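This is what each chain is made of:
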Amino acid sequence: MSTTLNEAQLEHAAASLDSAQLTGQAIEQFGDSLDLDQAYSIQNELLELRRNRGERTTGRKLGFTSEAKMAQMGVSELIVGFLTDAMEISDGGSLSLKGLVHPRVEPEIAFRLSTSIGPESTEEQFLAAVEAVAPALEVIDSRYQNFRFSLPDVVADNTSACRYVIGPWQPLTPKLANRAVVLNFDGTPAAEGSTSDILGDPLLTLPRLLAMSAKYGFTIPAGSVILAGAATAAVALTPGALVSADVEGLGTVSLNVEAENND
Ligand code: OOG
Ligand code: MG
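Residues numbered from 1 in each chain as written. Chains lettered and ligands numbered in written order. Predicted model: local features only at pLDDT ≥ 70, side-chain atom pairs only at ≥ 80, totals over all residues. Heavy atoms only, no water.

Caption draft 1: Broad picture of the coordination of the magnesium ion (ligand 2). Around the magnesium ion (ligand 2), the protein contributes the donor atoms Glu 106 (OE), Glu 108 (OE) and Glu 138 (OE), which lie 2.0 Å from the metal centre. The sequence pattern formed by the donor residues of the magnesium ion (ligand 2) is E-x1-E-x29-E. On the accessibility criterion, Glu 108 (2% relative accessible area) is buried. (Donors = N, O, S within 2.8 Å, 3.2 Å for Na, K, Ca; no water. Buried < 20%, exposed > 50% of the residue type's maximum accessible area, 1.4 Å probe, protein only.)

Encoded structure:
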């Protein structure tokens, strides 16, 4: 059983994760001292710290919605984190590796909401609120040493959220399953999967997110982006790489990793 952390300890945990995120200095895992509810409280506290610095919430992200990801990280429960405007990179934009710990990239599907969704919404309302879909890239960067964590650890660390890139938005097509997903580094496939690897169909992530919103009491405002989780395992970023993800029928999204310089 975990020992319960008091309010001051939860705030201290959030402050260490926040500073690890700002400095790129990894911290030690919390391990058994955290339970899942406390981990989500720490995540909320992290969001507060970022809001106090002027960041704006732009959406939510799901994690561990594919076997490939669960197997890679040894974690098997769906998790949710937040996205802010400071994490967003425009399609074809560039990413500096400075200040990051050990970033990896993964190919995802993004949804955009036309109306607000919350604990009292129905699944039908949620589906009807999805106005657009896009291929996406997520850059994850665990603030823990060696990119290792327990389920509460990774939840507290805002599910390793670091940056995200959204490709061309298009109206939601009813058939999103069974589309090939390829993650390329300099035009060469580095990971391959299918949209069906995301819970069988990326749209099936929505009822799961709705359940999380009810459990943890958050709403997802109109205009929000939702990342449905990676279709493949994540791949370590390398300086100078041109990274892209192709999703069959949805198009391509890309990101330029800046070359290292010594200044
Ligand atoms: C946690 C984040 C998982 C996904 O798409 O499954 C995630 C991690 O792997 O560090 O974002
Ligand atoms: Mg992800």
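Caption draft 2: View of the packing of aromatic side chains. Under the defined criterion, the tally for this structure stands at 3 aromatic pairs. Each ring, one from Phe 147 and one from Phe 149, has its centre 6.3 Å from the other, and the planes form 50°; the classification is tilted. Taking the ring centre of Phe 218 as reference, the NZ or CZ of Arg 60 above it sits at 4.2 Å. Here the basic side chain of Arg 112 rests over the ring of Trp 169, its NZ or CZ set 4.9 Å away from the ring centre. (Phe/Tyr/Trp six-rings, centres within 6.5 Å; stacked < 30°, edge-to-face > 60°. Lys NZ or Arg CZ within 6 Å of the ring centre and 35° of its normal.)

Caption draft 3: Spotlight on the pattern of salt bridges. Summed over all chains, the structure comprises 7 salt bridges. Between Glu 131 and Arg 112 there is a salt bridge, with its nearest N and O atoms 2.7 Å apart. Here Arg 112 lies in strand β5 (residues 104-113) and Glu 131 lies in strand β6 (residues 130-140), a separation of 19 residues in the sequence. The exposure class of Glu 131 is partly exposed, given its relative accessible area of 37%. (Salt bridge = Lys/Arg side-chain N within 4 Å of Asp/Glu carboxyl O. Helix = DSSP H or I, 4+ residues; strand = E, 2+ residues; numbered from the N terminus.)

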